[in-house]
Structures are given as structure tokens and as C-alpha cells.
Amino acid sequence: GAVVSQHPSWVICKSGTSVKIECRSLDFQATTMFWYRQFPKQSLMLMATSNEGSKATYEQGVEKDKFLINHASLTLSTLTVTSAHPEDSSFYICSVRGNSGNTIYFGEGSWLTVV
Amino acid sequence: AQSVAQPEDQVNVAEGNPLTVKCTYSVSGNPYLFWYVQYPNRGLQFLLKYITGDNLVKGSYGFEAEFNKSQTSFHLKKPSALVSDSALYFCAVRDGKADKLIFGTGTRLQVFP
């Protein structure tokens, strides 16, 4: 069964609005979650590492004020795309490191379309 | 810096034939290597990993991969391809000291009946 759950799977929002994507670890507690972004026909790019109870660590070039990450509990991390623009339209995927520490599991992803 | 290369954008193979999807890596420490598969509009599914031990790793759906340290490669293989194997395959590396995965650009596998 699924190890990581993302919601929503699909979302369409108007330009200038904010949208929140949730990532839940279903099988174990996760102190660390990862957020990736994937453009069509391209690879995954790590956006940030979400740390439970502390600030997220953003990759170079990712605007932390635009992509707000909150990791308030050991099973939930949220990514909020603020003041969305059409160029933010993308496939966003979260991942969780398993209990063994070596395998990283991915959610089903969330398609964001900004119109 | 860690990096992963998947030199083929697409691999075409007839059903029943063996398949190979290539991956080479570059890391500063001991490599933790992974293969994931992505079906259209879906997230990534874990196939297999190499952490240590036997160089030949067996994973899900009949896939296997061989770790070759001298060639810094971790090619994905399957003895007999199925049409249902058609998907996008990603190789990834995780530095032993870091948490994050670095992905290759992906290889689209097309299996023809």
C-alpha cells in the first residue's frame, strides 16, 4: 500500500492566489521530508528539505518566501505556493525517508496548474 | 558534487527481449544508488537500491541492477521485457552523508508487442 500520501492530486488556481499541497507519511514518523518539482518530460529537482519542528532547508535558487514549507508534525508537511503564477505550474512530489534510513518513498505527486 | 547520468533519452525493446537502461554516477563518498519508475501522471515507485554488499541487486517486477565500482555504473536490467514495463525510469544517487537524492534525467522505456 501507499507509504506517502499527497493531496490534492490535481489543483487549478488563479494567478495571484495561494495553494497548499499536503504530504503525509502513512506508515512511519518522518522527521525529514523532501519536496521536488518536475517539469514535463524533465527530471526531478529538489526544492527543499522539510524538517519537523524547524525551518526548511531550501536549495539554491528556490524562493523560500514563495514556496512556504511547514512541517508541523512527524507525519505531515505542507508546501504552499504563494502568489502563484503560470510559470509555477508543475508537478510537485514529496518524499519521505523510510525507517531503515536508506529507502526514500515518494508520494503520487500533485499537478498544479495556474491560470 | 554528486551527479547521475542517464545517457539514453529513450530505449526501445521488443516484448520478451532483455532490456538495459544505463546509469553512471559520480559521488565523493560511498554511493547509495536507486532506481525508480514513473508511470504517466504518477509519482515515483521504488524499484531497487544498492547500499553495500552483493553487486547484483534484485528488485521489484523482475528488475535487477548491477553495481560496477570501476565503471561507476548502475545499469538496470530485466531478462524479458513486458509491454507493461513501458514507463519513465530514473536513476538516483544519495551521498552516504547526505539525505537528498540526485536524479538523472530519466530514460523512457518503450516495450513493443
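Each value, and the rule that gives it
- Residues numbered from 1 in each chain as written.
- Chains lettered and ligands numbered in written order.
- Predicted model: local features only at pLDDT ≥ 70, side-chain atom pairs only at ≥ 80, totals over all residues.
- Heavy atoms only, no water.
- Helix = DSSP H or I, 4+ residues; strand = E, 2+ residues; numbered from the N terminus.
- Buried < 20%, exposed > 50% of the residue type's maximum accessible area, 1.4 Å probe, protein only.
- Contact = heavy atoms within 4.5 Å.
- Polar contact = N/O pair within 3.5 Å; in protein donor to acceptor, adjacent residues only side chain to side chain.
- Pairing = 2+ DSSP bridges.
- Axes fitted to C-alpha atoms, helices over the stretch in contact; angles between N-to-C directions.
- Buried area = accessible area lost by both parts, 1.4 Å probe.
- Salt bridge = Lys/Arg side-chain N within 4 Å of Asp/Glu carboxyl O.
- Nonpolar A, V, L, I, M, F, W, Y, C, P; charged D, E, K, R; others polar.

Engineer: What's the story with the overall build of chain A in this structure? I'm lost.
Structural biologist: Across its full length, chain A holds zero helices and 11 strands. Ordered by position from the N terminus, the helices and strands of chain A form the series β-β-β-β-β-β-β-β-β-β-β. Expressed along its principal axes, the backbone C-alpha trace of chain A runs to roughly 40 × 30 × 20 Å. The burial tally for chain A puts 50% of its 115 residues in the buried class. Intrachain contacts of chain A at a sequence separation of at least 6 include 52% that bridge at least 24 residues.

Engineer: Would you take a moment to explain the side chain of Gln6 of chain B for this structure?
Structural biologist: Residue and element names in this part refer to chain B. When you line up the elements, Gln6 lands in the loop between β1 (3–5) and β2 (10–14). On the basis of relative accessibility, which here comes to 4%, the residue Gln6 falls in the buried class. Here Gly106 takes part through its backbone nitrogen, which lies 3.2 Å from a polar atom of the side chain of Gln6. What Gln6 contacts, discounting residues up to four positions off in sequence, is Val21, Lys22, Trp35, Tyr89, Phe90, Cys91, Gly104, Thr105, Gly106 and Thr107.

Engineer: Sorry if this is basic, but what is going on with the sheet that holds strand β3 (residues 19–25) of chain A here?
Structural biologist: By definition, the strands of a sheet pair up through backbone hydrogen bonds, in either a parallel or an antiparallel sense. All names here are of chain A. Read from one edge of the open sheet, four strands run β1-β3-β8-β7, paired in antiparallel fashion. This sheet does not close on itself; its edge strands, each paired only once, are β1 (4–7) and β7 (67–73). Sheet twist, expressed as the mean angle between neighbouring strand axes with direction ignored, is 15°. One ladder, built from five bridges, connects β7 with strand β8 (residues 76–81); its direction is antiparallel. Within the sheet, the bridge partner assigned to Asn70 lies in β8 and is Thr78.

Engineer: Could you clarify how one ought to interpret the interface of chain B and chain A in this entry?
Structural biologist: Contacts between chain B and chain A engage 20 residues on the former and 23 residues on the latter. Taking both partners together, chain B and chain A bury about 1,700 Å²; carbon and sulfur atoms supply 52% of that area. Here Arg42 of chain B and Glu108 of chain A are joined by a salt bridge, their closest N and O atoms 2.5 Å apart. If you look at where chain B meets chain A, you find seven residue pairs in polar contact (both at pLDDT 80 or more). At the level of secondary structure, the elements contributing two or more residues to the side of chain B that touches chain A comprise β5 (31–38), β6 (44–50) and β10 (87–95) of chain B. Take the side of chain B that touches chain A: its biggest share by element is four residues, from β5 of chain B. Of the residues in the side of chain B that touches chain A, the class split is 10 nonpolar, five polar and five charged.

Engineer: How do you make sense of unusual backbone geometry when you look at a structure like this?
Structural biologist: Across the chain, the bulk of peptide bonds are trans and the bulk of non-glycine residues have phi less than zero. Here the residue pair His7 of chain A and Pro8 of chain A is connected by a cis peptide bond, since its omega of 0° sits within 30 degrees of zero. Mapped onto the elements, Pro8 of chain A comes out in the loop between β1 and β2 (10–13). With phi around 45°, Ser83 of chain A is a residue other than glycine that occupies positive phi space. Mapped onto the fold, Ser83 of chain A is located in the loop between β8 and β9 (90–97). For Ser83 of chain A, a relative accessible area of 35% gives the class partly exposed. For Thr72 of chain B, which is not a glycine, the phi torsion comes out positive at approximately 45°. Residue position: Thr72 of chain B is located in the loop between β8 (64–68) and β9 (73–78). On the basis of relative accessible area, Thr72 of chain B is assigned to the partly exposed category, the value being 30%.

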